[in-house]
Amino acid sequence: MNAANRLTPYLFMAPAVIIMGIALLYPLGYMIYGSFRDWNPSQSIGESEFVGLKNYVTLFFDPAFRESLSVTLTFAFSVVVAELVIGVGLALLLDRNIRGMSILRTLFILPMMIAPVVVGLMWRYMYHPTVGTFNRTLKSLGLDSVDWLGQHALLSVIIADIWQWTPFIFILALAALQSLPRSALEAARIDGATQWQQIWHIKLPLMMPVLIVTALLRLIDAFKVLEVILVMTEGGPGLSTEIVALRISRTATEFRELGTAAAMSNYLLILLLFLTLAMFVFTRLQEARAGWIERQIQEEH
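Scope of this entry: the structure provided in the associated data block.

Calculation notes
- Residues numbered from 1 in each chain as written.
- Predicted model: local features only at pLDDT ≥ 70, side-chain atom pairs only at ≥ 80, totals over all residues.
- Heavy atoms only, no water.
- Salt bridge = Lys/Arg side-chain N within 4 Å of Asp/Glu carboxyl O.
- Helix = DSSP H or I, 4+ residues; strand = E, 2+ residues; numbered from the N terminus.
- Buried < 20%, exposed > 50% of the residue type's maximum accessible area, 1.4 Å probe, protein only.
- Patch = residues over 30% accessible without salt bridge, like charges linked within 9 Å, V, L, I, M, F, W, Y side chains within 5 Å.
- Areas by Shrake-Rupley, 256 points an atom, 1.4 Å probe, with all protein chains shown as cover.
- Polar contact = N/O pair within 3.5 Å; in protein donor to acceptor, adjacent residues only side chain to side chain.
- Contact = heavy atoms within 4.5 Å.
- Phe/Tyr/Trp six-rings, centres within 6.5 Å; stacked < 30°, edge-to-face > 60°.
- Axes fitted to C-alpha atoms, helices over the stretch in contact; angles between N-to-C directions.
- Left-handed = near helix turned anticlockwise from the far one by under 90°.
- Nonpolar A, V, L, I, M, F, W, Y, C, P; charged D, E, K, R; others polar.

This model, assessed by the stated rule, comprises 7 salt bridges. Salt-bridge contacts for Asp62 lead to Arg247; the nearest nitrogen and oxygen are separated by 4.0 Å. One end of the pair, Asp62, is in the loop between helix H2 (54-60) and helix H3 (63-94); the other, Arg247, is in helix H11 (residues 244-253), with 185 residues separating them in the sequence. For Asp62, a relative accessible area of 21% translates into the label partly exposed. When the shortest N-O distance is used, the salt bridge between Glu83 and Arg218 registers 2.8 Å.

Bringing a nonpolar patch on the surface into the picture now. Among the surface-exposed residues, Leu7, Tyr10, Leu11, Met13 and Val17 lie close enough to one another that they form a single nonpolar patch of about 570 Å² accessible area. By the element assignment, Tyr10 lies in helix H1 (residues 3-34). Since its relative accessible area comes to 58%, Tyr10 is described here as exposed.

This part covers the side chain of Thr72. You can see Thr72 is positioned in helix H3. A relative accessible area of 0% means that Thr72 is categorised as buried. Looking at Thr72, its side chain comes within polar contact range of the main-chain oxygen of Ser68, at 2.7 Å. Within the structure, Thr72 has its side chain in polar contact with the backbone nitrogen of Val244 (distance 2.8 Å). Setting aside chain neighbours within four positions, we find Thr72 in contact with Phe223, Ile243 and Val244.

Cis geometry marks the peptide bond from Gly236 to Pro237; its omega dihedral reads -5°. Residue Glu234 is not a glycine yet carries a positive backbone phi of 55°. Locating Glu234 in the fold gives a position in the loop between helix H10 (227-232) and H11. Looking at Glu234, the relative accessible area reads 49%, which means it is partly exposed. Backbone geometry at Arg256 places phi at a positive 60°, although glycine is not the residue there. Relative to the assigned elements, Arg256 resides in the loop between H11 and helix H12 (258-300).

Next up on the list: the packing of aromatic side chains. A full pass over the atoms with the stated rule returns 14 aromatic pairs. Ring centres of Trp123 and Tyr127 lie 5.5 Å apart, and the angle between their planes is 45°; this geometry places the pair in the tilted category. Across this residue pair, the class does not change: Trp123 and Tyr127 are buried. When the ring of Trp196 is compared with that of Trp200, the centres are 5.8 Å apart and the planes differ by 15°; the resulting orientation is stacked. Note that Trp196 and Trp200 are positioned in helix H9 (residues 195-223) at a spacing of 4 residues, about one turn of the helix. Taking relative accessible area as the criterion, Trp196 reaches 58% and is therefore assigned exposed.

This next bit is on the packing of helix H7 (residues 153-178) against H9. Between H7 and H9, the shortest axis-to-axis distance is 10 Å and the interhelical angle comes to 145°. The two elements H7 and H9 cross, and the hand of that crossing is right-handed. Of the residues in H9, those in contact with Asp161, Trp165, Phe168, Ile169, Leu172, Ala173, Ala176 and Leu177 of H7 are Lys203, Met207, Val210, Leu211, Thr214, Leu217, Arg218 and Asp221. Per-class residue counts for the contact of H7 with H9 are 11 nonpolar, 1 polar and 4 charged.

The structure is reproduced here in structure tokens:
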């Protein structure tokens, strides 16, 4: 194959790559550039004053920003871990040929189809201190009401997110289960492995690469949750539910500090890049482990 033939596929791809590169890199570069300036909406970015790393240093020592970052990490890791456990558990439970199972699977994925604003309103009404479903149920059982969106605000938004996005984990985990090599599972049954042993030693290790990518997608999305929290608590009480995405929005719109908001976005971007890299390395290790398990089973049978 000569050089012209080797370059032909890349020439056909070039227009799309250039367009995608501009669409992705220009806004990112604009945000990075803006983060080094004292910029507000009343002026163009060229009219703003260059302040270097001032915005980053100010944020680094800002207790409110650190608190928002702590809330974000707590929220993101809590929902991802809970959704993984529940979603994978449901997938293992429903990976069976039972009458009506297709209808049940469809019902499980309905929450993720609802708009986030609607989800926020729905859960806000259910958490209402007097007429909400939860407190009315507690009163009917003779128990005291709970201040869901006050003292337990962060837990309340975590529960709402778990309800909405566990189906996402469920769908991908179920797809991963159904794509597992049947030869490996059949070999485990012949060797007398129990259901639990098959799950722990065969199914979960082979599913792990898919589950890691799924967890990464949910983790990135959890860092950007805005509508549900804004509708349910508006970041309160205090800063107890103010995640970084909400603080960025307020800094840009209410406080009119676009440069500071851009610096916050870059801090969040750096954190997500670090997490993505760590998950990528872990995925490679799990893929190697899954391949080793498959080879071991094939050699034994």
